[in-house]
Each structure stands twice: as C-alpha cells, then as structure tokens.
Amino acid sequence: MEYLAQGQNARVYRLSGNEPQARIQHAQLVRTEGHENPLNYAILYCIHDICHASFPQHFAEVVSCGVDTMSSSMNLDEGGIPSYQPNHRIYFKELDVPKEHHHFGSQASIGLHGEKLSTCGCFGCTNHRTLHDENRKRMCELSLKLKEYGIITPWDDLSDWCVDSAGNIVFFEADLFLPPVFRERLDEFEFDPKVNGRVLRQLDFIEKSGYVERF
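The following paragraphs examine the structure supplied in this document. Remember, predicted model here, so these are calculated numbers, not experimental data.

**Regarding the overall build of the protein**
The helix and strand tally for the protein stands at six helices and eleven strands. The 215 residues of the protein split such that 45% are buried. Relative to all contacts within the protein whose residues are 6 or more apart in sequence, the contacts with residues 24 or more apart total 60%.

**Focus on the nonpolar core**
In terms of nonpolar packing, the biggest core is built from 32 residues, with Ile47, Ile151, Phe171, Phe177, Phe182 and Val199 touching the most fellow members. Put simply, the parts of the chain that give this core at least two residues each are α2 (40-54), α4 (123-147), β9 (161-163), β10 (169-171), β11 (176-177) and α6 (193-208). Apart from residues no more than four positions distant in its own chain, isoleucine 151 is found in contact with Cys51, Phe55, Phe59, Leu146, Ala174, Leu176 and Phe177. In terms of nonpolar packing, the next biggest core, distinct from the first, is built from twelve residues, Ala60, Leu95, Val97 and Phe172 among them.

**Let's talk about the pattern of salt bridges**
According to the stated counting rule, one finds eight salt bridges in the structure shown. Its salt-bridge partner being arginine 198, residue aspartate 49 comes within 2.7 Å of it at the nearest N-O pair. Here aspartate 49 is found in helix α2, whereas its partner arginine 198 is found in helix α6, with 149 residues between them in sequence. Because the salt bridges share partners, they merge into one network encompassing Arg183, Asp204 and Glu207.

**Some details on the side chain of glutamate 173**
Summarising the element assignment, glutamate 173 is placed in the loop between β10 and β11. Notably, glutamate 173 is buried but unbridged: the nearest opposite-charge side chain belongs to arginine 31, and the N-O separation is 4.1 Å. Setting aside anything within four residues of it in sequence, one finds glutamate 173 in contact with Arg31, His48, Phe59, Pro154 and Asp160.

**Side note on the pairing of strand β3 (residues 29-34)**
Among the six residues that make up β3, six are buried, leaving the element largely enclosed by the rest of the structure. The pairing of strand β2 (residues 11-14) with β3 spans four bridges and is classified as antiparallel. Each bridged residue has a counterpart across the sheet, and for arginine 14 the counterpart in β3 is leucine 29.

**A closer look at unusual backbone geometry**
Working note: non-glycine residues mostly have negative phi, and peptide bonds are mostly trans. For histidine 26, which is not glycine, the phi torsion reads 60° and is therefore positive. One can find histidine 26 in the loop between α1 (20-25) and β3. For histidine 26, a relative accessible area of 53% gives the class exposed.

**Concerning the packing of aromatic side chains**
Two aromatic rings, taken as a pair, are described by how far apart their centres are and by the angle between their planes. Tallying each qualifying case throughout the model produces seven aromatic pairs. For the ring pair tyrosine 149 and phenylalanine 189, a centre distance of 5.6 Å and an interplane angle of 55° mean the geometry is tilted. Taken together, the positions of tyrosine 149 in the loop between α4 and β8 (151-152) and phenylalanine 189 in the loop between α5 (179-185) and α6 put the pair 40 residues apart, joining distant regions of the chain. Classification of phenylalanine 189 as buried rests on a relative accessible area of 14%.

So, how was this worked out
Residues numbered from 1 in each chain as written. Predicted model: local features only at pLDDT ≥ 70, side-chain atom pairs only at ≥ 80, totals over all residues. Heavy atoms only, no water. Helix = DSSP H or I, 4+ residues; strand = E, 2+ residues; numbered from the N terminus. Buried < 20%, exposed > 50% of the residue type's maximum accessible area, 1.4 Å probe, protein only. Contact = heavy atoms within 4.5 Å. Core = buried A, V, L, I, M, F, W, Y, C linked by side-chain atoms within 4.5 Å. Salt bridge = Lys/Arg side-chain N within 4 Å of Asp/Glu carboxyl O. Lys, Arg positive; Asp, Glu negative; His and termini not counted. Pairing = 2+ DSSP bridges. Phe/Tyr/Trp six-rings, centres within 6.5 Å; stacked < 30°, edge-to-face > 60°.

See below:
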C-alpha cells in the first residue's frame, strides 16, 4: 500500500493491486481508522454507499469494508493514555481529483474554530488552494442542499472535498448521516428495485446500530 494522506482520525492509502480487496472488488483506496465500536466499519460502509447511490457525482464509490483485528491504531484518551484499537477499513474507488490534493490536505493545520487551514507555500499547494477558493461557494451551496437530505458534509475540512475533472464538487466522506431525514426524501430518488431494497436495509442497520444516538 502507498500512503497518501492522514486526517484527524484516519489514514488513506492507495492499494498496490495485490491486496484481495483490490483484486476482487477493484478497490483503489483504503481508509483505515482505529475505533472501539466493532460495527464502525459496517456503519461507515452503509453511509458511504447510500451517499454514493443517491448523489453519485458528489461522493466516492465504496466497494468493500472490514475490520483487521491483527493490526491496530494507537489513540490517546482524554487522560493522555494510549490505547490500541482494531483497524477498521473502508475500500473505495478513487475520485478523479488533482494529484496535489492529498498533500494539500495532509499539510493543513487546525484553525481557532476547528476548521482546517492551508498555509503551505509550495507550488502544488498554492495552485490547489486557488482551486478550492474559487469553488468554496459552490461547495457550501451543495452542503446546504445535502443537509436537507440528512447528509452533513465536512464543509470546513478542506482535505475532505475537492473538484473532479468534470467540475463536480466531490466529498470523500460524510460528517454525519441522519436516516429519518433521508427516509422522508427517499421517494425523490429513482432507484431501481435492487438499489432501493439495499438502501432500505442499510437505513435499518444504521438506525439499529445506535449510530444516531452518539450525537
């Protein structure tokens, strides 16, 4: 695997093609995160799959998931004590965004209000920052639209959104997903019966998992 980027809680790698998920599911990227909830990987998979099925031009396609109990990530609790948690893995198709984006996002710092800021002066980051600045208004407008469907995007995290080669605003993840709100808008999507059944099963699973109660 090739390391690409690191966020606040997770790391992203490009698969070499030798991993089982890459060979079988045609996965290109994997997101790994240590998490104490044994269902975290499945919950995130369902959320990402629903987002992509509903708005395929704005979300990456998720193709597989799993939890690796043989490896772990270290996290610090509130007392500064390290704990080791199993790695939860989500496998994606890679979005068609500029190659500079991964470095641009990884070097960002945290602002006073928790937002991510880019101050790197290298040529790649300077050009990519211009792309983000020129499209930030469109990104915020899209975030407000998606919020009406119960999909809360990381609009203040510049590492989690970009612009693809077709000019679409794309998000790498959802910050929060509200199944009851999405259910109210479900009839607006013209899913084929197979996809509609899958989405309904995933909504049921997310609700029963206790995901929403965490917020």
